[in-house]
Amino acid sequence: MENMTTQKAIFTQRFMENGKYGVKDNSGNVLIPAMFDEIDDLWAEMYKECPSVVWNDGKAGLVSPDGKGTMLVECKYKYGRIIEWSCFFAFKDMDGNWGVIGSDGKTYVPFKYDSISKEKCDGYIFFEKGDKCGVFATNYNLVTDAIFDDIIEGAAEEYLKMEKDGKEGYVTVDGLFISCEDYEADEEMDVELVGDFY
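Remember, predicted model here, so these are calculated numbers, not experimental data.

A. Structural view of the overall build of the protein chain. When helices and strands are tallied, the protein chain shows two helices and 19 strands. Buried positions account for 44% of the 198 residues belonging to the protein chain. Excluding contacts between residues fewer than 6 apart, the proportion of contacts in the protein chain whose partners are at least 24 apart in sequence is 34%.

B. Representation of the sheet that holds strand 1 (residues 13-17). With antiparallel pairing, three strands are arranged side by side in an open sheet as 1-2-3. Both outer strands of the open sheet, strand 1 and strand 3 (30-36), are each paired with one neighbouring strand and no more. With strand direction ignored, the average angle separating the axes of adjacent strands in the sheet is 20 degrees. Note: strand 1 against strand 2 (residues 20-24), five bridges, orientation antiparallel. Paired with Met 16 across the bridge in strand 2 is Tyr 21.

C. View of the pairing of strand 5 (residues 52-56). Here strand 5 lies mainly inside the structure; five of its five residues are buried. Side chains Ser 52, Val 54 and Asn 56 of strand 5 all project onto a buried face; the interleaved residues Val 53 and Trp 55 project onto the opposite face, where all are buried too. By the bridge criterion, two bridges tie strand 4 (residues 38-39) to strand 5 in an arrangement that is antiparallel. Looking at the pairing, Ile 39 lines up with Val 54 of strand 5.

D. Local environment of the environment of Glu 84. Residue placement: Glu 84 occurs in the loop between strand 8 (79-82) and strand 9 (88-92). Take Glu 84: its relative accessible area is 52%, and that puts it in the exposed class. Through-space distance from the C-alpha of Glu 84 to that of Lys 118 is 7.2 Å; in sequence the pair is 34 residues apart.

E. Structural context of the environment of Leu 193. Relative to the helices and strands, Leu 193 is located in the segment after helix 2 (180-185). Put simply, Leu 193 and Val 173 are 20 residues apart on the chain and 5.7 Å apart in space, counted from C-alpha to C-alpha. Leave out the neighbours within four places in its chain, and Leu 193 touches Tyr 140, Tyr 159, Tyr 170, Val 171, Thr 172, Val 173 and Tyr 183.

F. Layout of a negative patch on the surface. Taken together, the side chains of Glu 181, Asp 182, Glu 184, Asp 186, Glu 187 and Glu 188 make up a negatively charged region of the molecular surface. Locating Glu 184 in the fold gives a position in helix 2.

G. Spotlight on the pattern of salt bridges. Going through the model one piece at a time under the given rule, you end up with five salt bridges. A salt bridge links Asp 165 to Lys 164; its shortest N-O distance comes to 3.4 Å. When its relative accessible area of 59% is taken as the criterion, Asp 165 is described as exposed.

H. Structural context of the packing of aromatic side chains. Within this structure, the stated rule accounts for 12 aromatic pairs. Judged by centre distance (6.1 Å) and plane angle (55 degrees), the ring pair of Phe 148 and Phe 177 falls under tilted. Here Phe 148, found in the loop between strand 15 (142-143) and strand 16 (150-152), pairs with Phe 177, found in strand 19 (residues 177-179); they are 29 residues apart in sequence, far enough to count as distant. Classification of Phe 148 as buried rests on a relative accessible area of 0%. A residue is classified by how much of its surface remains accessible, and Phe 177, at 23% relative accessible area, is partly exposed.

Rules of the game
- Residues numbered from 1 in each chain as written.
- Predicted model: local features only at pLDDT ≥ 70, side-chain atom pairs only at ≥ 80, totals over all residues.
- Heavy atoms only, no water.
- Helix = DSSP H or I, 4+ residues; strand = E, 2+ residues; numbered from the N terminus.
- Buried < 20%, exposed > 50% of the residue type's maximum accessible area, 1.4 Å probe, protein only.
- Contact = heavy atoms within 4.5 Å.
- Pairing = 2+ DSSP bridges.
- Axes fitted to C-alpha atoms, helices over the stretch in contact; angles between N-to-C directions.
- Patch = residues over 30% accessible without salt bridge, like charges linked within 9 Å, V, L, I, M, F, W, Y side chains within 5 Å.
- Areas by Shrake-Rupley, 256 points an atom, 1.4 Å probe, with all protein chains shown as cover.
- Salt bridge = Lys/Arg side-chain N within 4 Å of Asp/Glu carboxyl O.
- Lys, Arg positive; Asp, Glu negative; His and termini not counted.
- Charge placed at Lys NZ, Arg CZ, Asp CG, Glu CD.
- Phe/Tyr/Trp six-rings, centres within 6.5 Å; stacked < 30°, edge-to-face > 60°.

Okay, structure coming up:
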């Protein structure tokens with residue numbers, strides 16, 4: 001899936017018609033018809049080519065900017081928001097569980113987590129369940145379970161580091177955990193690690 005940073009930024013504007021909001025581009029073309037009670041300001045006003053979080057009857061969904069109002073995700077969620085600088089959206093279902101949906105309308109992280117965040121770095125979306133966390137490595141289409149104790153902040157151009165059972169380590173592209181100690185002790189270990197950047 002294309003990252004937001006590769007897309008062309010075209011400032012758009014909301015408009016109101018018969019008490020409902022829609023979105024037009026700077027040439028006046030309708031991207032989202034006036035069908036919604038509310039539209040996520042940050043998303044709708046910056047990127048022409050990506051969906052927007054919309055609201056009707058107090059519930060959030062996701063609409064395509066195809067000019068037809070095509071719903072990628074029906075307005076059925078308690079809350080929805082863009083995950084910063086990505087083409088992914090965090091939604092909260094009516095039971096209070098969080099998940100991640102892509103700009104194609106598909107669910108990438110299932111709705112079973114307490115929170116979703118993207119505070120550490122690009123290319124990773126983190127989620128928590130109880131006192132454990134997991135990661136969605138978007139560039140690898142890898143979603144782990146919430147099995148880690150913490151996220152280890154690293155310098156640029158390092159591999160993704162997590163903490164598990166009191167040990168720091170790496171995550172493989174298969175979602176396995178390898179401690180730093182084991183990885184550094186075996187110079188011939190044939191594994192591919194997640195991330196050339198962090």
